[in-house]
Structures are given as C-alpha cells and as structure tokens.
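# Observations on the three-dimensional arrangement
What follows is each chain in one-letter form.
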Amino acid sequence: MSTLAPETRRTPSDGVDWELFGQRYWDRRPVRLHARPPFGLDAVHPLNVASCAPFRAGTRFWVMPDVRFLVGDGWLRAPGALLPDTTDPSLDAYLDRLDSDSGRQGYLLTVRQPLLLDHALWSAVRDTVSGLWRQVGWPNLPVVAEVLTGDRFTQHVGATEAPTHAALTWVLRGRMDVRLWDERGGPPPADIADPARAVPGVRTLSAGAGELLYWPGDQRHVDTYRDRCVALRLRIPVDRTLPFTALRDLLADLVHAGQGNDETVPYFPFGPGTGIDDQDGVLPRLTGLGDDLRTVVDGEHLRRTLRIRWAALRSAAGLEPIPVPRESVTITRSTRFRRTGEIVRMPDGPAHEVWAVEGNVFTLPRAAGDRVYAALGDGEETGADEVCRALAAGDDERNAATVLALLDKLYRLRGIDLAEEGTR
C-alpha cells in the first residue's frame with residue numbers, strides 16, 4: 001500500500017491557495033493539503049440535530065436534507081434514537097451515547113445537503129469554494145454537500161459506482177483514510193476495499209483535523225473513518241454525461257407543462273380507429289409528442305429557463321438547494337444600507353435582465369437595472385433615498401414605493417444589509 005506524501009507547501013492562513021491548487025491538482029491528481037475548513041466543529045452537532053429530527057420516525061425519500069445511518073454492515077432504514085437529538089448536549093455526548101446504544105459497532109452518519117438549514121454555514125462554504133471556481137470555472141450543475149460523522153467504519157459505495165464527481169473533503173476531527181483507484185486503469189480490483197492489502201495501482205490518502213483531501217472525478221474511492229471522524233465533503237459534478245441528463249429532465253418537464261400537466265396515466269387508446277397509423281393511434285400520438293419536443297427545443301422559453309437557472313446556480317456557487325430568504329424589515333427613504341452580497345446580472349431579452357442573489361432570481365428592466373446597480377454602491381454605506389433619486393423617483397411616491405420594495409427584496413435575499421444592523 002502506497003501513501004501519498006503530504007503537500008509540503010502550506011496554504012495561506014486564510015485558506016487554500018486556489019490559484020496554485022487549480023494549476024497543480026484540479027482535474028489532474030489527488031492531494032492532501034493543510035486547510036482551514038469553512039466552519040468549525042462546534043457547528044456540526046446543531047446542524048446534525050436539525051437535519052435528523054424528521055428522520056427519527058423513519059427514512060424519508062425525496063427530501064433535503066437527506067439522512068442515512070449505517071452501522072456494522074448495513075443501512076438502518078429506521079435509526080430512531082440512534083440519531084442525534086436535542087437531548088444530546090454536545091457532539092461528544094451524542095457519540096458516547098451512540099457507542100453505548102450500538103454496542104460499539106462501527107457507524108457512519110451521512111447528512112446530505114444540510115447547509116440549506118443554516119445560512120451562515122451555507123454562505124461560509126459558498127465563499128470558500130468560490131475561490132476555486134474563479135480559477136477553474138463555475139459548476140453548471142448543483143454541488144452536493146455532505147456532513148459525515150463516523151468511527152471504525154469503512155464505506156464502500158464509492159468503489160462500487162462509476163465515478164461522476166470530484167471531491168473536496170475537509171476533516172474537522174479524527175482521521176480519514178481514502179483508498180483511490182484511477183478509473184482509467186480499468187475495473188477496480190476486489191481488494192480495493194481491504195485497507196490491510198497492498199494492491200498495485202491503489203493509492204491511499206490519509207488526513208486528520210485541519211486537512212483537506214481532493215481527488216478528481218475519475219477516481220473510485222473507499223473511505224475509512226477513524227477516531228470519531230467528522231468531515232465536510234463537497235461532491236462536484238464533472239462527468240460529461242450529467243448535463244445531458246439534467247437537460248433531458250428539463251425538456252420532459254417543459255413538454256409536460258405544455259400539455260397542461262395532464263396527470264392521466266399515459267396509456268394509448270384501444271379499439272376501432274386506434275390502429276397504429278389511425279388518427280387516434282399510437283404512431284400519430286408519438287409523432288405529436290416529437291413535435292411538442294421540437295417546439296420546446298426551438299423556442300425561446302428553453303433558452304430563457306437555462307439562462308435563469310445558470311444565473312441562480314452561479315450566484316449560489318453551485319450550492320443548491322438554497323436557504324430560505326430572511327424576514328422583511330421596514331425600509332423607508334431614510335434607511336441606510338450597504339451592499340453585502342454578490343449580484344449576478346444577465347441579459348434577459350432586449351429590454352430586461354436577470355438579477356440573481358444567493359440562488360434567488362428576479363428580473364428588472366435593463367435601463368433601471370444599470371441605475372439601481374450603480375446606486376447600490378460597492379460595500380460603502382448608502383441610503384434608500386439616493387436609490388430613489390437615481391431612478392428619478394424623487395417626489396413620485398408610487399415610483400418610490402417600487403424602489404423601496406426592490407430594496408426590501410434585496411434585503412430578504414441578503415444582497416444588502418441595513419447599516420445599523422450589520423450582517424444577519
């Protein structure tokens with residue numbers, strides 16, 4: 001078994017040198033780096049408790065966050081009390097209880113997409129990973145975030161499935177060993193999952209708290225969690241087939257919507273006049289479906305939908321789903337504020353443009369958009385009255401009300417913060 005040597009060049013105190021990372025490692029080779037995680041260990045237990053609460057009664061499907069608990073050699077469909085709860089005062093208290101309740105079997109708690117529950121954590125991860133995207137390009141599909149808590153457990157699923165995602169894994173506590181197999185070398189050997197066996201072509205990355213593991217999207221992997229390991233992992237879609245799958249699903253949705261969202265079971269009629277070539281037969285109906293698809297592909301609605309989705313994803317740095325907007329506040333012409341969030345702007349036809357803030361999207365007239373954006377400033381304190389004057393809404397109370405409503409929207413989406421409140 002070979003072990004990759006740690007990277008000798010330490011990262012800056014404020015995080016990873018993403019420019020160097022993009023040049024040396026991205027889409028090239030696995031690496032271990034010293035890195036400060038986007039958030040600390042103290043944030044994990046409250047996040048896990050909130051994520052797991054709905055799952056204590058049993059497994060739920062098609063919901064986010066998604067929680068899975070594995071113990072021994074199986075996935076428990078109804079983990080119940082084995083999940084963290086508000087009665088556990090801390091992460092250590094929960095893990096102590098878990099050791100007692102599970103008979104000290106190895107375990108792994110996986111919480112997928114938990115960041116939507118906590119804007120501060122979501123924002124911290126977005127800000128961290130944006131440094132990488134500025135070097136290598138922004139993802140065009142959602143990035144999957146996972147909080148992993150495990151001990152004495154080996155997870156094999158990364159070796160059994162064809163790799164489609166690159167991975168960034170910050171270790172917050174304990175230790176993690178990852179055995180990697182380059183997919184270009186052919187099918188992985190059966191011994192890839194056995195950490196005690198030296199297998200030609202299989203490499204091992206080992207990391208402890210304060211370190212970051214990266215491997216490209218062509219690597220199968222087996223994870224071993226030790227010493228009450230806690231980690232944050234981002235799974236980044238890199239397989240070329242994934243955008244086609246997303247586009248196929250979008251086209252199906254648009255065709256379905258164009259048919260009035262008919263929910264009847266799609267059986268073809270049977271009886272006289274419904275032969276394969278008859279007017280009400282199978283072939284004309286399939287041909288009509290093809291015509292509907294062609295109309296969608298050639299239409300502007302698909303292009304606009306893709307533009308809007310891209311703007312939303314870009315403003316979220318790929319982290320979807322997104323946290324809910326915050327509550328409104330009363331904004332008057334005397335309100336002072338600062339622009340604190342990135343606003344992604346994109347043309348939307350000849351007269352409008354899309355504004356995207358932290359994954360939320362709305363449209364503005366293009367001429368007004370230019371004036372509003374300039375009036376918002378670049379982090380310096382400004383006033384709502386100044387934005388009103390920039391839009392020539394001086395004494396026009398109706399137009400002024402429109403401007404104040406826009407500022408309230410930007411506040412709720414966290415694009416601006418009130419000067420007297422600071423960031424919330």
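To start, this report covers the structure provided alongside it. (Residues numbered from 1 in each chain as written. Predicted model: local features only at pLDDT ≥ 70, side-chain atom pairs only at ≥ 80, totals over all residues. Heavy atoms only, no water.)

## Side note on the overall build of the protein
- The secondary structure content of the protein amounts to 11 helices and 17 strands.
- Going through the 424 residues of the protein one by one, you find that 46% of them count as buried.
- Of the contacts formed within the protein by residues at least 6 apart in sequence, a portion of 75% connects residues at least 24 apart.
- Taken as a whole, the protein presents about 21100 Å² of accessible surface, with 53% of it coming from carbon and sulfur. (Helix = DSSP H or I, 4+ residues; strand = E, 2+ residues; numbered from the N terminus. Buried < 20%, exposed > 50% of the residue type's maximum accessible area, 1.4 Å probe, protein only. Contact = heavy atoms within 4.5 Å. Areas by Shrake-Rupley, 256 points an atom, 1.4 Å probe, with all protein chains shown as cover.)

## Remarks on the pattern of salt bridges
- One pass over the full model with this rule turns up 35 salt bridges.
- Here R345 makes a salt bridge to E353, at a shortest N to O gap of 2.9 Å.
- With a relative accessible area of 29%, R345 lands in the partly exposed category.
- Ionic contacts of the salt-bridge type, sharing partners, join the residues D92, D96, D99, D151, R152, R173 and R228 into one network. (Salt bridge = Lys/Arg side-chain N within 4 Å of Asp/Glu carboxyl O.)

## A short note on the sheet that holds strand β15 (residues 360-365)
- Taken in spatial order, the 3 strands line up as β13-β14-β15 in an open sheet, and their pairing is antiparallel. Every interior strand has two partners, whereas the edge strands, β13 (344-348) and β15, have only one. The average angle at which neighbouring strand axes cross in this sheet is 30°, direction not considered.
- Examined bridge by bridge, strand β14 (residues 352-357) and β15 share 6 bridges and lie antiparallel to one another. Paired with H352 across the two strands is P365, which belongs to β15.
- Contacts from helix α9 (residues 366-376) reach β13, β14 and β15 within the one sheet, and its direction differs from that of β14 by about 40°. (Pairing = 2+ DSSP bridges. Axes fitted to C-alpha atoms, helices over the stretch in contact; angles between N-to-C directions.)

## Quick notes on unusual backbone geometry
- Of the consecutive residues M64 and P65, the connecting peptide bond is found in the cis state with omega at 0°.
- Mapped onto the fold, P65 is located in the loop between α2 (44-52) and β3 (66-71).
- Here the amide bond leading from E320 into P321 is cis, since omega sits at 5°, within 30 degrees of zero.
- The residue P321 is located in the loop between α8 (300-315) and β12 (336-339) in this model.
- Unusually for a residue other than glycine, R228 sits at a positive phi of about 55°.
- By the secondary structure assignment, R228 is in strand β11 (residues 219-237).

## Concerning the sheet that holds strand β16 (residues 382-383)
- If you walk across this open sheet you meet the 3 strands as β16-β12-β17, and the pairing is antiparallel. Looking at the sheet topology across the chains shown, the edges are occupied by β16 and β17 (416-418).
- In the sheet, β12 pairs with β17 via 3 bridges, with the strands oriented antiparallel. Residue pairing for β17: R338 is matched across the bridge by D417.

## Points about α8
- Look at α8: 23 Å from first C-alpha to last across 16 residues, which is about the 22 Å you get at 1.5 Å a residue.
- Lining the buried residues of α8 we find α4 (119-136), α6 (242-258), α7 (282-298), β13, β14 and β15.
- Positioned one or two residues after α8, A317 has a phi angle of 55°, which is positive. (Expected span 1.5 Å × (residues − 1).)

## A look at the packing of α6 against α8
- The geometry of α6 relative to α8 is characterised by a closest axis approach of 12 Å and an angle of 130° between their N-to-C directions. Judged by the angle between their axes, α6 and α8 are oblique. In this structure, the crossing between α6 and α8 has a hand that is right-handed. Facing α6, whose interface residues are L247, L250, L251 and L254, α8 presents H301, L302, T305, L306 and R309. (Parallel < 35°, antiparallel > 145°, perpendicular 65-115°, else oblique. Left-handed = near helix turned anticlockwise from the far one by under 90°.)

## Digging into the packing of α7 against α8
- Running from N to C, α7 and α8 point in directions that differ by 55°, and their axes come no closer than 4 Å. Judged by the angle between their axes, α7 and α8 are oblique. Across the interface between the two elements, V296, V297 and D298 from α7 touch E300, L302 and R303 from α8.
- When its residues are assigned to classes, the contact of α7 with α8 shows 3 nonpolar, no polar and 3 charged. (Nonpolar A, V, L, I, M, F, W, Y, C, P; charged D, E, K, R; others polar.)

## Re the environment of L418
- Structurally, the position occupied by L418 is in strand β17.
- C-alpha of L418 to C-alpha of T340: the two residues are 78 residues apart in sequence and 9.7 Å apart in space.
- Apart from the residues within four sequence positions on either side, L418 is in contact with V329, T335, R336, F337 and Y411.

## Focus: the nonpolar core
- Membership of the largest hydrophobic core comes to 49 residues, with the highest contact counts inside it found for F21, F39, F69, L168, W170 and L234.
- Ranked by the residues each element gives to this core, the list is headed by α4, at 6 residues.
- Beyond its immediate chain neighbours, meaning those up to four positions away, F21 contacts V16, W26, V31, L33, L132, L168 and Y214.
- W355, V387, L391 and I416 belong to the second largest nonpolar core, which has 25 residues in total. (Core = buried A, V, L, I, M, F, W, Y, C linked by side-chain atoms within 4.5 Å.)

## Looking at the environment of P325
- Inspection of the secondary structure assignment puts P325 in the loop between α8 and β12.
- Looking at P325, the relative accessible area reads 36%, which means it is partly exposed.
- As for P325 and K409, which are separated by 84 residues in sequence, their C-alpha atoms are 9.1 Å apart.
- Each residue touching P325, except ones within four places of it in the same chain, is listed here: N360, R412, L413 and R414.

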